[in-house]
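Now for the letters of each chain:
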Amino acid sequence: MANHLVIVESPAKVKTIKKFLGSSYEVDASGGHVRDLPKSQLGFDPEHDYEPKYITIRGKGDVLAKLRKEVKKADKIYLATDPDREGEAISWHLMKALKLDEVKNKSVYRISFNEITKNAVKASLKAPRTLDMNLVNAQQTRRMLDRMVGYRISPLLWAKVKRGLSAGRVQSVALRMICDREDEINAFIPEEYWNLDASFKIAGMKKPLTARYYGPADSGKEEKAKGAKTVIRSKAELDAVMKDLENVSYLVDEVKKGERVKKAPIPFTTSTMQQEASKALNFSTQKTMRLAQQLYEGVEVKGHGTIGLITYLRTDSTRIAEEADAAARAFVKEHYGENYMAAGEPVKKNAGKIQDAHEAIRPTDISLTPVMVKESLPRDLFRLYQLIWKRFAASRMAPAVYETTMVKIRGGNQLFSAAASRLSFDGFMSVYVDADDEEEKGQTMGAMEKGSALSLEKLEPSQHFTQPPAHYTEASLVKALEEQGIGRPSTYAPTITTIIARRYVAKENKNLYVTELGEVVNRIMKQSFPSIVDVSFTANMESLLDKVADGTVAWKTVVSNFYPDLDEAVTIAEKELESVKIEDEVTDEICELCGRNMVIKYGPHGKFLACPGFPDCKNTKPYLEKIGVPCPKCGKEVVRKKTKKGRLYYGCEANPDCDFMSWQKPSTQKCPKCGSYMVEKGSKLLCADETCGYRMDPAEKDK
């Protein structure tokens, strides 16, 4: 009969761990949290020292009843929830819900393991500990802060925008970052520049050598030392360079050969795994975490049974256990050769912000190669495991080495430059190549020496314009949140999922675009709760939570300092909002069912037209907001529209008969240079034809 009880979070772990421990152990699962703050109220009392009030989560009664029966049978109880703050808090809630701190003649321990393997689980049983209340308090503080923001601000958004919206401590900052990036893009003014490429015929080579314009050969010593290329900013400047190159001979001015070392990557953290899975596999952050959870909890592998394939998936550490490091190096030496083995430990990043001394994400057994598990795993699960395995194996391998050649070619008083590289030792790249890595230049230089004469085949100028900052993708937003110190590994995926689900943000072709609804919510948050959406304030709050976790700051100090300011801001906003009654805006659009003038209302996807006779008349229509600009194609009205996912654009009211559309707001002004229509960009007007490049300043626009 089992006299030891091990309680884990996920039912998926039960079978795996039970197999490791044998008949003297009973393994059961809590299914995550069993207690939480009540949904119907704030859940703590600011008047009584912020003591939280916890209740049993609906539906968890049967789970707790079953666990109580198991507790009665056991002599020793091991709380084996996940090895992070959330897991520590779940163990504490189990302790309270099952009254384990009151039972007599029974031993209660907390154990944790970073991977679900036989060795790791058995090792944790040999080193049990007591609950770490600092970790519990850090999680409890985060939960209370999130509850304060959500429960106090969300009703105000409802009142202001006339629908059920929500605010969140981290999600509101993420929304602001996306809105700020959208503003940057909208205000960006493209700058014209020209590239000038020269093709040279090289003796003994089939393909010509392509070199790019570098600058005048007689540039000052200081400029030469910096290695700065000269930028051709206009057609006039290009024409001057082209004139300077008429009837000149070309010769090799300088040849530099060298070596470039590309270091191996560090193992995955939660953030870098989400970023790379997004870029390489096109996975959303939510999908990546769901699949990683399955790999961690255990999957059936032919010949091995049910085993956990990766270590714990929520971590910002790049540390690797000595045993795993030694095993990986031995694997590399055996399968690739000693020269492929890394000489030392890879550089660690973010060393000052490591969560609970976790390891990086790695395979639990390096010898279980992707090929060995491929038949046992569904396609997407296999692809993520392969990515994690390759990244870890590469992190224990030698750098890649390139032979580089740089040539400067002189034509009269002008210089062109060409560079090429050849992979001389692939090192870690024999296993793993980052999704962001561009292909190395494939052109070859041939045997060129300084002073060699070259034959010009052609000069090829090309016009370009500088590009605005890129829209955030899930991957780049996760990276930005991590760099700014906002949120933690467990929060990235739910934060992004929430702002997309709330329709504050639309995801199209990987890019994240703010919707009209998102703009409204962000505007209210910035106006009434500037500190909540302040990046530095939120990052500082994360730092305080870390201090609660290590025991240097009391959790009630954080809560008691935060809540009064929030309460005051909410009170002020409530007073301001009392005088703002948003009436339905009456339009000239007539309801064809009852003859009333239709009104503008807000819905889950933004504005729409509705009959004021509701519920007698339930007629609704899409709302097409005219901007007072004639369509450049057909002359009818341009209206504001939205894509299916909520991204704003400008189109013709005559659609589908007219296919005009623009992401920027069109103007009534015509371009005096080419006659095309102009669009608003920040405070300026730009010609819609990018090849024209004409712009108009505000003072000129108002003439």
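Think of each chain on its own: its residues are numbered from 1, step by step along the sequence as written. Local features in this predicted model are restricted to residues of pLDDT 70 or higher, and side-chain atom pairs are both shown and tallied only at a pLDDT of 80 or more, whereas totals for entire chains, interfaces and linings draw on every residue. Hydrogen atoms and water are omitted, and side-chain values are computed over all heavy atoms in the structure.

Peer 1: For this particular structure, what's the right way to read the packing of aromatic side chains?
Peer 2: To describe a pair of aromatic rings, one takes the distance between the centres and the angle between the planes. Two aromatic rings from Phe, Tyr or Trp, using only the six-membered ring of Trp, form a pair when their centres are within 6.5 Å; if the ring planes differ by under 30 degrees the pair is stacked, by over 60 it is edge-to-face, and anything between is tilted. Summed over all chains, the structure comprises 17 aromatic pairs. With a centroid separation of 6.4 Å and an interplanar angle of 65°, the aromatic rings of Tyr250 and Phe416 are classed as edge-to-face. In this pair, Tyr250 sits in strand S11 (residues 250–262) while Phe416 sits in strand S15 (residues 414–425), placing the two residues 166 residues apart along the sequence. Members of the aromatic cluster, connected to one another through ring pairs, are Phe200, Tyr213, Tyr250 and Phe416. Charge-over-ring placement is defined geometrically: NZ (Lys) or CZ (Arg) within 6 Å of the ring centre, and within 35 degrees of the ring normal. Geometry around Trp92 places Arg35 over its ring, the cationic atom sitting 5.6 Å from the centre. The positively charged end of Arg260 is found above the aromatic ring belonging to Tyr402, 4.5 Å away from the centroid. By definition, any uninterrupted DSSP run of H or I lasting at least four residues is a helix, any uninterrupted run of E lasting at least two residues is a strand, and each is numbered from the N terminus.

Peer 1: Sorry if this is basic, but what is going on with the environment of Asp36 here?
Peer 2: One can find Asp36 in strand S3 (residues 35–36). Burial status follows relative accessibility: with a 1.4 Å probe on protein chains alone, a residue under 20% of its type maximum counts as buried, one over 50% as exposed, and anything between as partly exposed. Judged by relative accessible area, which is 21%, Asp36 ranks as partly exposed. Along the sequence, Asp36 and Ser667 sit 631 residues apart, while their C-alpha atoms lie 54 Å from each other. The residues contacting Asp36, other than those within four sequence positions of it, are Lys53, Tyr54, Ile55, Ile57 and Arg143. One polar contact links Asp36 to Arg143, side chain to side chain, over a distance of 3.0 Å. Contact between two residues is taken to exist if any of their heavy atoms lie within 4.5 Å; hydrogens are not considered. Within 3.5 Å is the distance limit for a polar contact, defined as a pair of N or O atoms, with the added protein rule that one can donate a hydrogen and the other accept it, and that residues adjacent in sequence qualify only through two side-chain atoms.

Peer 1: Before we go on, may I ask you to explain helix H4 (residues 118–126) in this structure?
Peer 2: The periodicity of an α-helix, 3.6 residues per turn, causes residues three or four places apart in sequence to face the same way. Three or more residues of H4 are buried, namely Ala120, Val121, Ser124 and Leu125. Along the long axis of H4, the arc covered by the buried residues comes to 135°, so they all point the same way. Across H4 from its buried face, at more than 90 degrees, point the exposed residues Asn119 and Lys126. The inward-facing, buried residues of H4 contact helix H1 (11–21), strand S2 (25–29) and strand S7 (76–79). Note: the arc covers the axis-to-C-beta directions of the helix.

Peer 1: Before we go on, may I ask you to explain the pairing of S11 in this structure?
Peer 2: Looking along a regular strand, one sees side chains alternate from face to face of the sheet. One requirement defines pairing of two strands: DSSP has to find at least two bridges between them. Relative to strand S14 (residues 400–411), S11 is paired through twelve bridges, and the arrangement is antiparallel. The residue bridging Val255 from the neighbouring strand is Val407, located in S14. Relative to strand S16 (residues 453–465), S11 runs antiparallel, the two being bridged by two bridges. Bridge pairing in S16 places Tyr250 opposite Leu454.

Peer 1: Is there a simple way to think about the sheet that holds strand S9 (residues 192–201) in this case?
Peer 2: As a general point, the strands of a sheet are linked pairwise by backbone hydrogen bonds and lie either parallel or antiparallel. Pairing in this closed barrel of six strands is antiparallel, and the strands run S9-S10-S15-S14-S11-S16 around the ring. Averaged over all pairs of adjacent strands, the angle between strand axes in this sheet comes to 35°, irrespective of strand direction. Here strand S10 (residues 209–216) pairs with S15 via four bridges, running antiparallel. Within S15, the residue paired with Pro216 across the bridge is Gln414. Relative to the sheet, helix H8 (residues 235–244) contacts S9, S10, S15 and S16, its axis offset from that of S9 by approximately 25°. In this analysis an axis means a line fitted to C-alpha atoms, helices contributing only their contacting stretch, and an angle means the value between N-to-C directions, from 0 to 180 degrees.

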